[in-house]
Each structure stands twice: as C-alpha cells, then as structure tokens.
Amino acid sequence: MSEVRAIPVEGLPEIEAGARLGELIAAHAEIEDGDVIVVSQKVVSKAEGRLRKLSSTIPGAEARKLAAVLGKEPALVQLILDQSREVLRAERGVLITETHHGFVCANAGIDTSNVPGDDTVCLLPEDPGASARNLRVEIASAAAREHGGGLAGHSARSASAESPSMLPPTLAVVIADSFGRAWRLGQSEVAIGCAGLVPLDDWRGRVDAEGQELEATLIAIADEAAAAADLVRSKDSNVPVVVLRGLSRFVTKEDGPGAQALRRPRSEDLFR
C-alpha cells in the first residue's frame, strides 16, 4: 500500500489580478516528480480578475423577484443568474443552479468569503480546465528554474541530453472548490479543474479482493485529492495551496480529460 502526504504551502502573498500564480507557488513549494498541486479556486479566480462589485451590478426583474422570495441581495442574484445556464431550485433561501461550466451548486459557485470588503464577491474561473492546464505549465517551468538541481525524482529521465536537474517535474494540478452534497450535511472540496491527473480510476471489469468482478466502481481520484488537501488547511489559515505526495501512479505526462470527466451526463441523471 502506498502512503500519501499532504503538505501545506505557506507564505504565499495576497493574490491580486494579473499575479503569476504558478511562479509564486513554485517559489514557495518544494516540488517533486509525481506531485499533485491542489490549488484553491479562490486564488485562481483572484489572479484571473474574477472579483466583482455588487454595487456595479444592476439587477433585472427576474433577479429582483427571486431575491425577494429568497431574502438575498438582488445584485448577487443577478450575478448568479449571469453565471448560470439553468436554475434548478429556488426555495428556503437556497438558489441551486447549473453553471455554464456544467457544475450543479449553490449560488453558481459565487463566494463572499476571503474577499476584500462587504461589496465584493468572487466568481468561479471562466474555464477551470484551462486554468489548471496553464498553471501546470507555469508551475513546472518555474520549479525547474527556481530550484535548479533541487528537484527530486528526475533520475528516470537522466538519459536525456538535457541536464536532468533542468528538466521540469512531471506534476498534476487540481483546482478545488467547496461544494455541498444533496443528501449529506456539510461541504467537501471537489475538483472543478485538473490537468495531468487521471480524474477517474475505472475498476469496472476488474476484480475485488474476493475475486468478484466489479461492475460500477469508478473512483473519483481528482475529487478525493481535492478533499484530502483540505484536511491540512482551514478557511482562516491563508493556505490556498497544498502539495500531495504519493499519488504519482495517477499523474500523467498528458493533461488528460480534466475534471469535466467527473460530470455525470444529463442522460444518466435520475433526478432531473
């Protein structure tokens, strides 16, 4: 059995729009081949300029109507509608939507925590998959420059004509956000974007410890990585990045299908 370590990356500055987040992560983390870098959605959104002022948002008629029913700020409801393709539930003060990404979540994933001022909210990244792919390249390249020969795990590629100490590490990136669960209390981190990681470990057709063939088992590796990372940080710790070590068997050279592979097709949805 393998061991997994979760290492919080401390000392990152407050992230602002335009920040080169991957370079900042590489400067503060010791990164090895096969590491999975779990990054909070909030800092990705901040770097990508996804903060919005409620005072700059003009609510329409639908937003005002829903806000009155739900007891929510009309400008916030307008932003939620803007970020959604469909409203699924609007009752008991809760607004559940399907975002343009295809995520089903409360308030289209718009968050008011850990943002400056009472008038500011944070939207999800416009394309979390692209964000993960870009961060993967940026972190790997910056890590090779930042740490030089300090990167471990390069011996497997030492036959390259290029010095192995200068090769970027093969790593994965997961962008994580907190989602509620429809039939369980509390929130859990899930992957809204990933690159370089097998998002699902398909055990269908394989056998269990008793030799029985498995018919439906798909392990949500990316979601489990996101949740594991959250156990070594808290909402007030200012630690938006965690390095997971010990999951190299799921790390790939290619970006892979990303977190979209975790979405259940609408044709298989039993509740809509």
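Residues numbered from 1 in each chain as written. Predicted model: local features only at pLDDT ≥ 70, side-chain atom pairs only at ≥ 80, totals over all residues. Heavy atoms only, no water.

Among the nonpolar cores identified, the biggest contains 31 residues, and Leu21, Ile37, Val39, Ile139 and Val173 are the most heavily contacted of them. The leading source of residues in this core is helix 5 (residues 128-147), at six residues. When neighbours within four sequence positions are excluded, Val173 is seen to be in contact with Ile37, Val39, Ala132, Leu135, Arg136, Ile139, Gly193, Cys194 and Ala195. In terms of nonpolar packing, the next biggest core, distinct from the first, is built from 19 residues, Val38, Ala225, Val242 and Ala259 among them. (Core = buried A, V, L, I, M, F, W, Y, C linked by side-chain atoms within 4.5 Å. Buried < 20%, exposed > 50% of the residue type's maximum accessible area, 1.4 Å probe, protein only. Helix = DSSP H or I, 4+ residues; strand = E, 2+ residues; numbered from the N terminus. Contact = heavy atoms within 4.5 Å.)

Our next topic: the environment of Pro8. Tracing the backbone shows Pro8 in strand 1 (residues 5-9). It is 40 Å that separates the C-alpha atoms of Pro8 and Ile58, two residues lying 50 residues apart in sequence. Apart from the residues within four sequence positions on either side, Pro8 is in contact with Val232, Val239, Val241 and Val242.

The subject of this paragraph is the pairing of strand 9 (residues 184-195). Here strand 8 (residues 172-181) runs beside strand 9; their pairing, made up of nine bridges, is antiparallel. Among the inter-strand pairings, Val173 is bridged to a residue of strand 9, identified as Ala195. With antiparallel pairing between neighbouring strands as the criterion, strand 8 and strand 9 make up a hairpin whose turn holds two residues. (Pairing = 2+ DSSP bridges.)

Overall, the coordinates contain 17 salt bridges when judged by the stated rule. Between Asp35 and Arg245 there is a salt bridge whose closest N-O contact spans 2.8 Å. Placement of Asp35 in the loop between helix 1 (21-28) and strand 2 (36-40) and of Arg245 in strand 12 (residues 241-245) is noted, with a sequence separation of 210 residues between them. Judged by its relative accessible area of 1%, Asp35 is buried. You can call Arg245 buried: its relative accessible area is 16%. Measuring nitrogen to oxygen at the nearest pair gives 3.3 Å for the salt bridge that ties Asp230 to Arg233. Classification of Asp230 by relative accessible area gives partly exposed; the value is 24%. Since its relative accessible area comes to 12%, Arg233 is described here as buried. The structure contains a network of salt bridges with shared partners spanning Arg20, Glu23, Glu138 and Arg145. (Salt bridge = Lys/Arg side-chain N within 4 Å of Asp/Glu carboxyl O.)

Side chains of Trp183, Leu270 and Phe271 sit close together on the surface and give an oily, nonpolar patch of about 500 Å² of accessible area. Within the secondary structure layout, Leu270 lies in the segment after strand 12. (Patch = residues over 30% accessible without salt bridge, like charges linked within 9 Å, V, L, I, M, F, W, Y side chains within 5 Å. Areas by Shrake-Rupley, 256 points an atom, 1.4 Å probe, with all protein chains shown as cover.)

Per-residue pLDDT for the chain averages 91, and the proportion of residues at 70 or more is 92%. Counting contacts from residues 152-164, a segment whose pLDDT is below 50, to residues more than four positions away or on other chains yields 16 contacts. (pLDDT = per-residue confidence, 0-100.)

This part takes up the sheet that holds strand 12. Across the sheet, which stays open at both edges, the five strands sit in the order 1-12-2-8-9 with mixed pairing between neighbours. Every other strand in the sheet has two partners, leaving strand 1 and strand 9 as the edge strands with one partner each. Each adjacent strand pair in this sheet contributes to an overall mean axis angle of 30 degrees, direction not counted. Here strand 2 pairs with strand 12 via four bridges, running antiparallel. Across the sheet, the residue bridging to Val39 is Val241, located in strand 12. Along the sheet, helix 6 (residues 221-230) contacts strand 1, strand 2, strand 8, strand 9 and strand 12; its crossing angle with strand 9, the most-contacted strand, is approximately 115 degrees. (Axes fitted to C-alpha atoms, helices over the stretch in contact; angles between N-to-C directions.)

What follows concerns the side chain of Glu189. Checked against the element boundaries, Glu189 lands in strand 9. A polar contact of 3.5 Å, which involves the side chain of Glu189, links it to the backbone nitrogen of Asp177. A polar contact is formed between the side chain of Glu189 and the side chain of Ser178, at a distance of 2.3 Å. Beyond its immediate stretch of four places on either side in the chain, Glu189 contacts Ala176, Asp177, Ser178, Asp223, Ala226, Ala227, Asp230, Arg233 and Lys235. (Polar contact = N/O pair within 3.5 Å; in protein donor to acceptor, adjacent residues only side chain to side chain.)

Sheet architecture is open: three strands sit in the order 4-5-6, paired in antiparallel fashion. Since the sheet does not close on itself, it has two edges, and those belong to strand 4 (84-91) and strand 6 (104-106), each with one partner. The mean angle between the axes of side-by-side strands here comes to 25 degrees, regardless of whether they run parallel or antiparallel. Alignment of strand 5 (residues 94-99) against strand 6, held across three bridges, turns out to be antiparallel. For Glu98, the partnering residue across the bridge sits in strand 6 and is Val104.

Next up on the list: the packing of aromatic side chains. Scanning all chains against the criterion turns up two aromatic pairs. With a centroid separation of 6.1 Å and 80 degrees between ring planes, the pair formed by Phe103 and Phe179 is classed as edge-to-face. Taken together, the positions of Phe103 in the loop between strand 5 and strand 6 and Phe179 in strand 8 put the pair 76 residues apart, joining distant regions of the chain. Judged by its relative accessible area of 12%, Phe179 falls in the buried class. Ring geometry for Trp183 and Phe271: centres 4.9 Å apart, planes at 50 degrees, overall tilted. You can see Trp183 sitting in the loop between strand 8 and strand 9 and its partner Phe271 sitting in the segment after strand 12, a full 88 residues away along the chain. The ring of Trp203 carries the charged tip of Arg206 above its face, separated from the ring centre by 3.7 Å. (Phe/Tyr/Trp six-rings, centres within 6.5 Å; stacked < 30°, edge-to-face > 60°. Lys NZ or Arg CZ within 6 Å of the ring centre and 35° of its normal.)

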